[in-house]
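# Remarks on the overall topology
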Amino acid sequence: MGCCCSIKSPSQTTLGREVECPKCQQLFPSYTTNHAVKIQNFNLKFNDHLDNCLMSSQQNINKTEDYRGIKYWEKVQNEQGFQWVLKEYNPSLQINEQNISSEPFGQKQVWFRAKLEKLRIPWQNGCTILSVSQNHLLETSIESIMKLKSRLLHGELKIKFQEDQKVQDAGGLLREWSTSILQQLVEMEYLQKTETKELTYKFNPNIQSNTIDKRQLFSFLGIIVGKCLFERIPLSSFLDRTIIKHILRQKVTLEDIKYFDEDLFYSWQYLLNNNIDQLDLYFQLEYIGKTINLKENGCEIKVTNSNVQEYVNLNIFFYTQQFLEPYLSDFLTGFYQVIPKTLLRIFNPQELEMILFGLPFIDLQDWSKYTIYKECSAEDYFIQWFWQILSAWNQAELSQFLRFCTGSTRVPVEGFSKLESNRGEISYFCIQASEFDKDNPYPKAHTCFNRLELPKYQELETMEVFLKATIHEALEGQFGLE
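What counts and how
- Residues numbered from 1 in each chain as written.
- Predicted model: local features only at pLDDT ≥ 70, side-chain atom pairs only at ≥ 80, totals over all residues.
- Heavy atoms only, no water.
- Helix = DSSP H or I, 4+ residues; strand = E, 2+ residues; numbered from the N terminus.
- Buried < 20%, exposed > 50% of the residue type's maximum accessible area, 1.4 Å probe, protein only.
- Contact = heavy atoms within 4.5 Å.
- Areas by Shrake-Rupley, 256 points an atom, 1.4 Å probe, with all protein chains shown as cover.
- Axes fitted to C-alpha atoms, helices over the stretch in contact; angles between N-to-C directions.
- Parallel < 35°, antiparallel > 145°, perpendicular 65-115°, else oblique.
- Left-handed = near helix turned anticlockwise from the far one by under 90°.
- Phe/Tyr/Trp six-rings, centres within 6.5 Å; stacked < 30°, edge-to-face > 60°.
- Lys NZ or Arg CZ within 6 Å of the ring centre and 35° of its normal.
- Salt bridge = Lys/Arg side-chain N within 4 Å of Asp/Glu carboxyl O.
- Core = buried A, V, L, I, M, F, W, Y, C linked by side-chain atoms within 4.5 Å.
- Expected span 1.5 Å × (residues − 1).
- Polar contact = N/O pair within 3.5 Å; in protein donor to acceptor, adjacent residues only side chain to side chain.
- UniProt positions renumbered as here; feature names shortened; annotations may be inferred.
- Pairing = 2+ DSSP bridges.

## Some words on the overall build of the chain
- Along the backbone of the chain there are 15 helices and 15 strands.
- A burial count over the chain gives 54% of its 482 residues as buried.
- When contacts within the chain are restricted to residue pairs at least 6 apart in sequence, long-range pairs at least 24 apart make up 67% of them.
- Accessible surface, the chain as shown: approximately 22,300 Å² in total, 47% of it carbon and sulfur.

Spelled out as structure tokens, the structure:
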């Protein structure tokens, strides 16, 4: 059946070799890793072992007690502007569901996660296979997802590549797949950078394609965003505040435009704060070479001090909703197939952003604090080199390396202490030492277990070369499997 999970290495490796279960290290002979009908029973035995092994040590994430005493990062505003502050939350023994909206963010998380877990279809009931092509990842992913019944979106999804029947997924690919999908949507400009200083994205329905149905695409995007939220996978691309407000079914205001288009924000703010009776301005706008009336006979209605608020409101509605229809509605329909809209009412926009996108930075000290070691220790010379090398990298490099190791470019809002395996088990980042192999000197990553196999390099410079290679591999957006 192939590999038990997503195991990545920048070098090309082969199947048909002895394989080790990434969880318990039990060895299986080489003939169980070949895809051949005559040995199908051996493959089933191997995969059955993996499922049982995963389940045996899995924490019960349905119990709200597992979320008690959580630490999380929160974006707060002070005299210096916005800053991220680490907070600790110890909820009371009982959750007050009647007033949950007024509870602290940590309490809301407990309530929200518990509600979602009640929707989950146990993995023992089977999984849904998404058959996709690496060469046509977006098109085949849309085709596979849109065929699914809504209820299956609450079950386990596995990725199967049409090009390689030998490779099987035990869950590690879901994070990589969703990250690659969002990356491709950015590259194709269906997700377009906002006109702000922040690296956030807005919907762009102007892109034309002969191979992709745009309405299906935005419905598919809603499903992906919802599934990532359901599976606690931080999104790699940060959606702008107006989209977040639409998800929450809240009205978009002028303050939200600051995260959408700064020029529009300051222009409309100026109109509201100044005498504009003498301006030659009417209830219309020019967009992509067309004149749009903001209301009936808008081209004949002059904007004055008495109606300027209506003018600004109609502009906001056009840019953030009217212009995006029907694609915005398609996105929301897809999202609500996975996440019931009634569960979202407890959050404000900032809180939903934190849950959806995780932390916008990587704290190396937090990373090293919640790292465990196998067949090595934190004091070993090559481990010291490892953290020394990472300390010299910028955030973009750290993000890509995190993707290589875990399948995700971002960290949960609670930090590295809440990294999870493919089935919700808390799974700290793990470095496992391996012997240096000159024929295959690259590190390997077991993404479904957040584990890095690090060779015992003899020179710091050599380690740096091969660690850098993992970054370049991740940037190419390839699924490296063994």
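So that's the structure; there's more coming.
## Notes on the packing of helix α3 (residues 137–146) against helix α4 (residues 173–187)
- Remark: α3 packs on α4, axes separated minimally by 10 Å, with the N-to-C direction vectors making an angle of 120 degrees. On the basis of the axis angle, α3 is oblique to α4. In this structure, α3 crosses over α4, and the sense of that crossing is left-handed. Of the residues in α4, those touching α3 at Leu-137, Leu-138, Ser-141 and Ile-145 are Trp-177, Ser-180, Ile-181, Gln-184 and Leu-185.

## Here we look at the packing of aromatic side chains
- This structure, assessed with the given rule, holds 30 aromatic pairs.
- Between Tyr-457 and Phe-466, the ring centres sit 5.8 Å apart and the planes meet at 10 degrees, which makes this aromatic pair stacked. Side by side, Tyr-457 and Phe-466 carry an identical accessibility label, which is buried.
- A cation sits over an aromatic face here: Arg-241 above Tyr-259, 4.3 Å from the ring centre.
- The ring of Tyr-336 has Lys-341 lying over it, and the distance from NZ or CZ to the ring centre is 4.7 Å.

## Some words on the pattern of salt bridges
- This model, assessed by the stated rule, comprises 17 salt bridges.
- With a closest N to O distance of 3.4 Å, Glu-255 and Lys-258 form a salt bridge.
- The exposure class of Lys-258 is partly exposed, given its relative accessible area of 31%.
- Of the charged contacts in the structure, one is a salt bridge between Lys-295 and Glu-310, with a shortest N-O distance of 2.9 Å. Pair noted here: Lys-295 is in the loop between β11 (290–293) and α9 (308–320) and Glu-310 is in helix α9, with a separation of 15 residues, a long-range link.
- Overall, the relative accessible area of 28% leaves Lys-295 in the partly exposed class.
- Three or more residues are tied together by salt bridges with common partners; here these are Glu-117, Arg-120, Lys-227, Glu-231, Arg-232 and Glu-420.

## Notes on the nonpolar core
- Core analysis: the biggest nonpolar cluster contains 86 residues, and Phe-112 and Trp-177 have the highest contact counts within it.
- Residue contributions to this core peak at 10 residues, all from helix α5 (residues 214–230).
- Filtering out sequence-adjacent residues up to four positions away, Phe-112 remains in contact with Leu-229, Ile-339, Leu-343, Leu-344, Ile-346 and Phe-347.
- With 33 residues, the next largest nonpolar core counts Trp-387, Phe-416, Ala-433 and Leu-467 among its residues.

## Here's the deal with unusual backbone geometry
- Of note, the amide linkage connecting Glu-325 to Pro-326 takes the cis form, showing an omega dihedral of 5 degrees.
- Along the polypeptide, Pro-326 turns up in the loop between α9 and α10 (327–338).
- In the Ramachandran plot, Ile-288 falls in the positive-phi region, its phi being about 50 degrees despite a non-glycine side chain.
- Along the chain, Ile-288 falls in the loop between β10 (284–287) and β11.

## Quick look at helix α2 (residues 105–117)
- Helix length check: α2, at 13 residues, gives a terminal C-alpha distance of 18 Å against a target of 18 Å (1.5 Å per residue), a fit within 8%.
- Phe-105, Gly-106, Gln-107, Lys-108, Gln-109, Val-110, Trp-111, Phe-112, Arg-113, Ala-114, Leu-116 and Glu-117 are the residues of α2 that are buried.

## What to know about the environment of Asn-135
- Here Asn-135 is to be found in the loop between β6 (127–132) and α3.
- Each C-alpha atom of the pair Asn-135 and Gln-162 lies 9.5 Å from the other, and the pair is 27 residues apart in sequence.

## Side note on the packing of α5 against α10
- Across the interface, α5 lies against α10 with an axial gap of 7 Å and an inter-helix angle of 35 degrees. Crossing of α5 over α10 shows right-handed handedness. Together, Lys-214, Arg-215, Phe-218, Ser-219, Leu-221, Gly-222, Ile-223, Val-225, Gly-226, Lys-227, Leu-229 and Phe-230 of α5 and Tyr-327, Asp-330, Phe-331, Gly-334, Phe-335, Gln-337 and Val-338 of α10 make up the contact between the two elements.

## Some details on the side chain of Gln-432
- Looking at the secondary structure, you find Gln-432 in strand β13 (residues 429–434).
- Polar contacts involving the side chain of Gln-432 include one to the side chain of Arg-451, which spans 3.4 Å.

## With respect to the UniProt feature "active site" (unreviewed entry) in the chain
- Listed under "active site" (unreviewed entry) in the UniProt record, and renumbered for this structure, are Cys-448.
- We classify Cys-448 as buried; its relative accessible area is 0%.

## Let's talk about the pairing of strand β15 (residues 451–455)
- Taking burial as the measure, the 5 residues of β15 include 5 buried ones, the bulk of the element.
- What you see with β15 is no split at all: Arg-451, Glu-453 and Pro-455 on one side and Leu-452 and Leu-454 on the other are buried throughout.
- Pairing between β13 and β15: 5 bridges, direction parallel. The residue of β15 that forms the bridge with Gln-432 is Glu-453.
- Sheet topology places strand β14 (residues 444–446) next to β15; 3 bridges connect them, and they run antiparallel. Bridging across to β15, Lys-444 finds its partner in Glu-453.
- The antiparallel hairpin formed by β14 and β15 contains 4 residues in its connecting segment, where Asn-450 sits at a positive phi of about 55 degrees.

## A word on α10
- Here α10 spans 18 Å end to end across 12 residues, near enough to the 16 Å set by a 1.5 Å rise per residue.
- Among the residues making up α10, those that are buried are Tyr-327, Leu-328, Asp-330, Phe-331, Leu-332, Gly-334, Phe-335, Tyr-336 and Val-338.
- For α10, the elements touching its buried residues are β9 (201–203), α5, α6 (241–247) and α9.

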